[in-house]
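# What the coordinates show
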Amino acid sequence: MKNERKRTFLLITIPILALFICFNTIPLIRGVIYSFTNFKGFGNYDWVGLRNYLDLFTDIRVGKSYWFTFKLAVVTTIVVNVISLLLALALNSKIRAKSFFRGAYFLPNILGALVVGYIFNYFFTYILPALGEMIGMDALKSSILSNPNTAWIGIMIVCAWQAIAMNTIIYISGLQTVPEDVYEAGNIDGATGWKKFRHLTFPLIIPFFSINMVLCMKNFLMAFDQIMALTKGGPAQSTESISYLIYNNGMSGGQFGFQSANAVVFFIVIVIISVTQMKITSSKEEQL
């Protein structure tokens, strides 16, 4: 009986492993190999060693894309987690129609990122300027996506609007694990409002906070769909994320080898940031 179960699990695992290797591991290895060449995406190529990696540190466009990506990721992560935590606290309280509100707030997560991006593109380009004309507000008369200084704000709004849903659900799950006895003891000690949240609620939901922070940072560092739908890296390459730069210049710009090196470096950066976040938050949990 045990042998049959092991055989069944093995038969289930092998096809999944084969698919993972074919569509994930092999392309990853090929990408690393191409990063040491001058491959253009077609035709022959030559080995160039570490030249692509060295050129990454002197390429101004790559530097700008890293700066924009980190700025977008950090700001959006903060905005999403603050709003999500506030919503979770509200939706976890004793209010009417909690299930309805939870479902309503989760709807943005169901929609595809490209669909959401195109809808907001229309909103920023036509509806918001028309509203600005009606109320006579000069700041709204032109699309924020057409200004290099404000286009990133539009992308941040779209990323946050869609990400808040899942983060809120995770925070609600965390809040529901907090025992009522803790709050009762806090009430006896006079803990209310901000003190109650700071000293009772937040320390007990730090594991969920850690998950949200890591997932948010990783997802926003890899922002692509929203940029494709809203700005396509413009205006004047002001909203060109690393993922979009790798795709655009690697696939159609004849820099497949160079952008493969960029992708390898970017992968390492994401791993380092994620591991660092996990270590910091885990140390906080141990202190508590």
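For the structure itself, consult the block above.
Report follows, based on the coordinates. (Residues numbered from 1 in each chain as written. Predicted model: local features only at pLDDT ≥ 70, side-chain atom pairs only at ≥ 80, totals over all residues. Heavy atoms only, no water.)

### Some words on the side chain of T201
For T201, the position within the fold is in helix α8 (residues 193–204). Among the residues examined, T201 registers a relative accessible area of 4% and is labelled buried. Sequence-distant contacts of T201, defined by excluding residues within four places in its chain, comprise L89, L175, Y183 and K196. (Helix = DSSP H or I, 4+ residues; strand = E, 2+ residues; numbered from the N terminus. Buried < 20%, exposed > 50% of the residue type's maximum accessible area, 1.4 Å probe, protein only. Contact = heavy atoms within 4.5 Å.)

### A closer look at the nonpolar core
In this structure, V80, F124, I155, F220, L230 and F266 are the most contacted members of the largest nonpolar core, which totals 40 residues. For this core, the elements supplying multiple residues, two or more each, are α2 (51–56), α3 (60–91), α5 (113–135), α6 (151–175), α9 (206–221), α10 (225–230), α11 (242–251) and α12 (256–287). Considering every element that reaches this core, the biggest residue donor is α6, with 8 residues. With sequence-adjacent residues up to four places away left out, L230 is seen in contact with G117, F120, N121, F124, L145, G154, I155 and V158. In this structure, L85, I172, Y183 and F197 belong to the second largest nonpolar core, which totals 11 residues. (Core = buried A, V, L, I, M, F, W, Y, C linked by side-chain atoms within 4.5 Å.)

### Considerations on the layout of surface pockets
As a volume, the largest pocket reaches approximately 720 Å³. The wall of the largest pocket is formed by 20 residues, among which I246, Q259, S260, A263 and V264 lie closest to the centre. Looking at the lining of the largest pocket, the elements with two or more residues in it are α1 (2–34), α11 and α12. By residue number, the principal contributor to the lining of the largest pocket is α12, which donates 9 residues. (1 Å grid on protein atoms, 1.4 Å probe; cavity = no way out; pocket = protein on both sides within 12 Å on 5 of 7 lines; lining within 4 Å. Points joined across faces, edges and corners; volume = space filled by probe spheres on them.)

### Regarding the pattern of salt bridges
Using the criterion set out here, one finds 2 salt bridges in the structure. E240 is the salt-bridge partner of R61, the closest N and O atoms lying 2.6 Å from each other. A residue pair is termed long-range when its members are at least 10 positions apart, and R61 in helix α3 and E240 in the loop between α10 and α11 qualify at 179 residues. On the basis of relative accessibility, which here comes to 26%, the residue R61 falls in the partly exposed class. Judged by relative accessible area, which is 4%, E240 ranks as buried. (Salt bridge = Lys/Arg side-chain N within 4 Å of Asp/Glu carboxyl O.)

### Overview of unusual backbone geometry
Cis peptide bonds are those with omega within 30 degrees of zero, and the linkage from G234 to P235 qualifies with -10 degrees. With respect to the helices and strands, P235 occurs in the loop between α10 and α11. In the Ramachandran plot, K232 falls in the positive-phi region, its phi being about 55 degrees despite a non-glycine side chain. With respect to the helices, strands and loops of the structure, K232 is situated in the loop between α10 and α11. Owing to a relative accessible area of 48%, K232 belongs among the partly exposed residues under this scheme. The phi angle at Q237 is positive, at roughly 60 degrees, despite the residue not being glycine.

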